[in-house]
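# Residue-level structure breakdown
What follows is the residue order along each chain.
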Amino acid sequence: MIIKVKRAAVQKLKTPCLVLGVWESKSKSGLLQELDAELGGRIGRALREGEFTGKSLQTLLVDGTDSVRFQRLLLVGLGKDRQAGGELLRQAAATAARLLQEKKITSFVCALHQAELKKLGFEERVRAVVEGIFLARYRYDRYVTKNRDNLPGAFSEVILALEVGPALEFVEAAVEQGRAVAEAVCFARDLVNAPGNLKSPAYLADQAALAAGEFGLACRILERPELEEKGFGGLLGVAQGSSRAPRLIVLEHRGGDEGEPPVVLVGKGVVFDAGGISLKPAEKMDEMKMDMAGGAAVMGTLVAAARLKLPVNLVGIVPAVENLPSGTAYRPGDILTSLSGQTIEVLNTDAEGRLILADALCFARQYNPRLVVDLATLTGACIIALGHHASAVLGNDEALIKKLIAAGERSGERLWQLPLWDEYSQQIKSDVADVKNVGGRPAGTITAAAFLKEFAEGLCWAHLDIAGTAWEEKGKAWAPKGGTGVGVRLLVDFLSN
Ligand code: BES
Ligand code: ZN
Ligand code: ZN
């Protein structure tokens, strides 16, 4: 897809469709009035009769006339809140892109970035719109072999028109940034959507190495012998049930000064979570191919950081493993010795994520990190607590948590903090080992984080539980059914600020 920036008045460009954002208000803007006159009052009528009010993400598609250069006009409602952030434009652009795609309209002129949002600069608006278009265009269709002609069409060209505004080169740079972030999100989505038979731990590692080669990241993969030698007891314990060997994936972006302590990102990379001997029920077990979404977010963020040349040192660590039952699988009652030396009583083999993250958090220490953020589809309890509209954030550093929450507000990937009081740690005390891997029914998301806290001692650390946000069940304009790529935009925003 080509995105062109043109210095022109939007209504002067010849195009199959002109896309315009409209605020919900009684009066028409100057441009809307002008277009309404040329379309014989069609817009005014829709507004008067309530067919279109400008309500957030409402759409109205009308045909052009002989007197205008566009064949159609698509109005997208922006609601009333001019204090809104980039997420509004992202969603508006995605809504428009999705609608046009379904109608097989493959090229359009976009004016959405011209909507005046009080908190956003021109380039930020351009970035949001470009992200929205790319995110809406995403589909995981590589395994569809029949009737490929019927797949919704992709755009060949989008033109962003601006009559006034910054120099074209700045706008073009913003377009490239939006594209880089959205493509990193789609890279993460591809990884999450990949079926389990393709997606072994080795496959994840290969994808990391390929991305590293393409975008100039350093990459190191630890295989079983090295993991054994170092003592990755959690990762190796979970790996026991699968014939596909685990990997530890490490990606590095060196964008900061040499010697500057890095930000370390850790992502849960369970390529398939059947639960192990504590087997999950059959219903929806297929969705557990998404249990590496944290790892995908970390890999996507590293790619985005490299493409955006973010001036920060960044390390991404993804323990990759498969959790299956078998004759060699680890069992309830087993005691594992983690990389830190702390022992863990395994009472449920389905609480595997925390076991591999414990090792990864310990491995992170060698980088003397400035801060550590881990992302994981860790607990079903998180979906019970927050549903699908926010990820949970917990940690041992309130300032870090605040910054992450702020990045969540800006990026639209919202976070909600849960408490991590010492009292919760009572629930993971073991009689026979240092900790146990389950804390009972109450506060499942918190006790999982309390478990991780034992391994994050002394680190400036936050944990994001993305169990409810990593997978889209119904499909939205900006995120079709399947993996959402959640975390990438949040972390790019966090690192950029
Ligand atoms: N990967 C799951 C959590 C999950 C559930 C993610 C649903 C996304 C959607 C995790 O490994 C798990 O099974 N957790 C258990 C923990 C319990 C045994 C303490 C859970 O949430 O039931
Ligand atoms: Zn599990
Ligand atoms: Zn899991």
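Residues numbered from 1 in each chain as written. Chains lettered and ligands numbered in written order. Predicted model: local features only at pLDDT ≥ 70, side-chain atom pairs only at ≥ 80, totals over all residues. Heavy atoms only, no water.

## A word on the coordination of the zinc ion (ligand 3)
Counted only if it meets this: Coordination shells were defined by N, O and S atoms within 2.8 Å of each metal, extended to 3.2 Å for Na, K and Ca; water is absent from the atom set, which can make sites look incomplete. Square planar and octahedral assignments, for four and six donors respectively, both demand that opposite donors be over 155 degrees apart and that all other angles lie between 65 and 115; tetrahedral needs four donors with all angles between 85 and 135 degrees, and anything else is irregular. Each helix is a run of DSSP H or I of at least 4 residues and each strand a run of E of at least 2, with the numbering of both proceeding from the N terminus. Note on classification: 1.4 Å probe, protein chains only; a residue is buried when its accessible area is under 20% of the maximum for its type, exposed when over 50%, partly exposed between these limits.
For the zinc ion (ligand 3), the protein coordination sphere consists of K268 (NZ), D273 (OD), D291 (OD) and E352 (OE), at 1.9 to 2.4 Å. Geometry at the zinc ion (ligand 3) is octahedral, judged from its 6 donor atoms and the angles of 78 to 175° they form at the metal. Here the donor residues of the zinc ion (ligand 3) are spaced in sequence according to K-x4-D-x17-D-x60-E. Between the zinc ion (ligand 3) and the zinc ion (ligand 2), the interatomic distance is 3.2 Å, and D273 donates to each metal, bridging them. Taken as a pair, K268 in the loop between β9 (263-267) and β10 (269-273) and E352 in the loop between β13 (343-345) and α10 (353-364) lie far apart in primary sequence, 84 residues in all. For the pair shown, K268 and E352 are each scored as buried.

## Focus: the pattern of salt bridges
Definition in use: Salt bridge, as used here: a side-chain nitrogen of Lys or Arg that lies within 4 Å of a carboxyl oxygen of Asp or Glu.
One pass over the full model with this rule turns up 27 salt bridges. A salt bridge links R244 to E322; the shortest N-O distance between them is 2.9 Å. Taken together, the positions of R244 in the loop between α8 (233-239) and β8 (247-254) and E322 in strand β11 (residues 313-323) put the pair 78 residues apart, joining distant regions of the chain. Here E473 ties to K284 by a salt bridge, and the two come within 3.0 Å at their closest N and O atoms. In this pair, E473 sits in the loop between β19 (471-472) and β20 (482-483) while K284 sits in the loop between β10 and α9 (293-308), placing the two residues 189 residues apart along the sequence.

## Details of the environment of A92
Note the threshold: Contacts are assigned to residue pairs with any non-hydrogen atoms lying within 4.5 Å of each other.
Position of A92 relative to the elements: it lies in helix α3 (residues 86-102). Judged by its relative accessible area of 0%, A92 falls in the buried class. The spacing of A92 and W478 is 386 residues in sequence and 9.1 Å in space, taken between C-alpha atoms. Residues in contact with A92, not counting those within four places in the same chain, are L57, V76, L78 and L112.

## Some remarks on the coordination of the zinc ion (ligand 2)
The coordination sphere of the zinc ion (ligand 2), as far as protein atoms go, consists of D273 (OD), D350 (O), D350 (OD) and E352 (OE), spread over 2.0 to 2.2 Å. For the zinc ion (ligand 2), the 6 donor atoms in the first shell make angles of 70 to 168° at the metal, so the coordination geometry reads as irregular. Each donor residue of the zinc ion (ligand 2) belongs to the same chain, and together they define the spacing D-x76-D-x1-E. The class for D350 is partly exposed, based on a relative accessible area of 22%.

## Focus on the side chain of S278
Among the secondary structure elements, S278 is positioned in the loop between β10 and α9. Excluding anything up to four places from it in sequence, S278 contacts P332, N348, T349 and D350.

## Some words on the nonpolar core
Definition in use: The definition of a nonpolar core used throughout is a set of buried Ala, Val, Leu, Ile, Met, Phe, Trp, Tyr and Cys residues joined through side-chain atoms within 4.5 Å. For every domain, the bounds stem from an assignment made automatically or drawn from a database.
Of all hydrophobic cores here, the largest spans 104 residues; its most connected members are V19, F108, L404 and L464. Take this core: its biggest share by element is 12 residues, from helix α5 (residues 168-193). Each of domain 1 (2-161) and domain 2 (184-496) accounts for three or more of the residues forming this core. V266, V321, I356 and Y424 belong to the second largest nonpolar core, which has 50 residues in total.

## Details of the packing of aromatic side chains
In plain terms, the rule: Each aromatic pair joins two rings of Phe, Tyr and Trp (for Trp, the six-membered one) with centres within 6.5 Å, and gets the label stacked for planes under 30 degrees apart, edge-to-face for over 60, and tilted for any other angle.
Under the criterion given, the structure shown has 6 aromatic pairs. Arranged with centres 6.1 Å apart and planes meeting at 15°, the rings of W421 and Y424 form a pair that is stacked. According to the relative accessible area criterion, W421 is exposed, its value standing at 54%. An aromatic cluster of three or more residues is present, and its members are F232, F363 and Y367.

## Side note on the site of ligand 1
Keep this limit in mind: One heavy atom suffices: a residue is near a molecule or strand as soon as one of its heavy atoms comes within 4 Å of it. We call two N or O atoms a polar contact when they sit within 3.5 Å, provided that within protein one can donate a hydrogen and the other can accept it, with sequence-adjacent residues counted only if both atoms are side-chain atoms. Reported accessibility uses the Shrake-Rupley method at a 1.4 Å probe radius. Residues are deemed covered only where the shown protein chains occlude them. For this classification, the nonpolar set comprises Ala, Val, Leu, Ile, Met, Phe, Trp, Tyr, Cys and Pro, the charged set comprises Asp, Glu, Lys and Arg, and every other residue, Gly included, is treated as polar.
In the region of ligand 1, 17 residues are neighbours, and K280, D291, D350, E352 and G380 sit closest. D291 places a side-chain nitrogen or oxygen 2.9 Å from a nitrogen atom of ligand 1. In this structure, an oxygen atom belonging to ligand 1 sits 2.7 Å away from a main-chain N or O atom of G380. Expressed as a share of its isolated accessible area of 510 Å², the protein-covered part of ligand 1 is 78%. The residue inventory of the shell around ligand 1, partitioned by class, reads 6 nonpolar, 4 polar and 7 charged.

## A few points about the domain arrangement of the protein
Stated formally: Values labelled buried area give the accessible surface lost by two parts on being combined, using a 1.4 Å probe and summing over both.
We note that the domain assignment places domain 1 (2-161) and domain 2 (184-496) within the protein. Computed over C-alpha atoms only, the centres of domain 1 and domain 2 are separated by 37 Å. The interface of domain 1 with domain 2 comprises 15 residues on the first partner and 15 residues on the second. When residues of domain 1 are sorted by the area they lose upon contact with domain 2, L135, Y138 and Y140 head the list and together hold 45% of the total. Counting every contact that joins domain 1 to domain 2 gives 2 salt bridges.

## Focus on the sheet that holds strand β3 (residues 59-63)
For clarity, the threshold we go by: Between any two strands, pairing holds if DSSP finds at least two bridges. Only the stretch in contact is used when fitting a helix axis, every axis being a line fitted to C-alpha atoms; angles between N-to-C directions are given from 0 to 180 degrees.
The strand order across the open sheet built from 6 strands is β1-β6-β5-β2-β4-β3, with neighbouring strands paired in mixed fashion. This sheet does not close on itself; its edge strands, each paired only once, are β1 (2-7) and β3. Each strand axis lies, on average, 25° off the axis of its neighbour in the sheet, ignoring direction. Summarising the sheet, strand β2 (residues 18-22) and strand β4 (residues 72-77) pair through 5 bridges and their orientation is parallel. If you follow V19 over to β4, its bridge partner there is L74. Here helix α1 (residues 30-38) sits on the sheet in contact with β2 and β4, set at roughly 130° to β2. In this fold helix α4 (residues 122-137) packs onto β1, β5 (107-110) and β6 (157-162), with an angle of close to 160° to the strand it touches most, β6.

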